[in-house]
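Here are the chains, one letter per residue:
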Amino acid sequence: MAKYLLLKHYRGAPASVNDVPMDQWTPEEVTAHIQYMRDFATRLAETGEFVSEQALAPQGTWVRSDGEGRPPVTDGPFAETKDLIAGWMIIDVDTYERALELAGELSAAPGAGGKPIHEWLELRPFYGAPPTVTE
């Protein structure tokens, strides 16, 4: 099995087919979208393919070290950044093709008007375990 990250973007990805920002959806549309995601995760948990998921708020801060003994430097909130992560789901599947299949299905979550978003999801594999040394 191989782990993949399905990365959702608030912005930074190509525009989706149903490209209405979530903050313009009705409460019912938001609820339907979240329920679709939950049902998807539940189904994958039943097949052993679900690992984890999290949604992220749009607020955040860039942080970096300013050297030993100095407080960290911040530059935020980062609303002006080009790419903004909305959340992610981690799956553990047998093949890359299965990861593509699931990403395509998740992309069809409902959005504005109850219509599928057809959003672009970033599919990224996790690095594998280091090779085992045999004597």
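Going by the annotation in an unreviewed UniProt entry, the name recorded for the chain is YCII-related domain-containing protein, with Nocardia tengchongensis given as the source organism. Listed under Sequence similarities (unreviewed entry) in UniProt, the entry text for the chain is "Belongs to the YciI family."

**Considering the packing of helix α1 (residues 27-47) against helix α2 (residues 96-107)**
At a minimum axis separation of 11 Å, α1 and α2 run at an interaxial angle of 155 degrees. Classified by the angle their axes make, α1 and α2 are roughly antiparallel. Both α1 and α2 take part in a crossing whose hand is right-handed. Residues Tyr-36, Met-37, Phe-40, Arg-43 and Leu-44 of α1 lie in contact with α2, whose contacting residues are Arg-98, Leu-102, Glu-105 and Leu-106. For the contact of α1 with α2, the residue count by class is 6 nonpolar, no polar and 3 charged.

**Brief notes about the pattern of salt bridges**
Tallying each qualifying case throughout the model produces 7 salt bridges. Across the salt bridge formed by Asp-66 and Arg-64, the nearest N and O atoms sit 3.5 Å from each other. Residue classification places Asp-66 among the partly exposed positions, given a relative accessible area of 27%. Residues participating in the shared-partner salt-bridge network are Glu-49, Arg-98 and Glu-101.

**Some words on α2**
With 12 residues, α2 extends 16 Å from end C-alpha to end C-alpha; this agrees with the ideal 16 Å at 1.5 Å per step. Taken together, the buried positions of α2 are Ala-99, Leu-102, Ala-103, Leu-106 and Ser-107. Viewed along the axis of α2, the buried residues span an arc of 140 degrees, placing them on a single side of the element. In this fold, the buried residues of α2 make contact with β1 (2-11), α1, β5 (84-93) and β6 (122-125).

**Regarding the sheet that holds β5**
Strand order in this open sheet of 4 strands is β2-β5-β1-β6, and the pairing throughout is antiparallel. Each edge of the open sheet is held by one strand with a lone partner, namely β2 (50-55) and β6. Across the sheet, the axes of successive neighbouring strands diverge by a mean angle of 20 degrees, strand direction being ignored. Across the sheet, α1 touches β1, β2 and β5, and the angle it forms with β5 is around 20 degrees. Across the sheet, α2 touches β1, β5 and β6, and the angle it forms with β5 is around 140 degrees.

Rules behind the numbers
- Residues numbered from 1 in each chain as written.
- Predicted model: local features only at pLDDT ≥ 70, side-chain atom pairs only at ≥ 80, totals over all residues.
- Heavy atoms only, no water.
- UniProt positions renumbered as here; feature names shortened; annotations may be inferred.
- Axes fitted to C-alpha atoms, helices over the stretch in contact; angles between N-to-C directions.
- Helix = DSSP H or I, 4+ residues; strand = E, 2+ residues; numbered from the N terminus.
- Parallel < 35°, antiparallel > 145°, perpendicular 65-115°, else oblique.
- Left-handed = near helix turned anticlockwise from the far one by under 90°.
- Contact = heavy atoms within 4.5 Å.
- Nonpolar A, V, L, I, M, F, W, Y, C, P; charged D, E, K, R; others polar.
- Salt bridge = Lys/Arg side-chain N within 4 Å of Asp/Glu carboxyl O.
- Buried < 20%, exposed > 50% of the residue type's maximum accessible area, 1.4 Å probe, protein only.
- Expected span 1.5 Å × (residues − 1).
- Arc of directions from axis to C-beta.
- Pairing = 2+ DSSP bridges.

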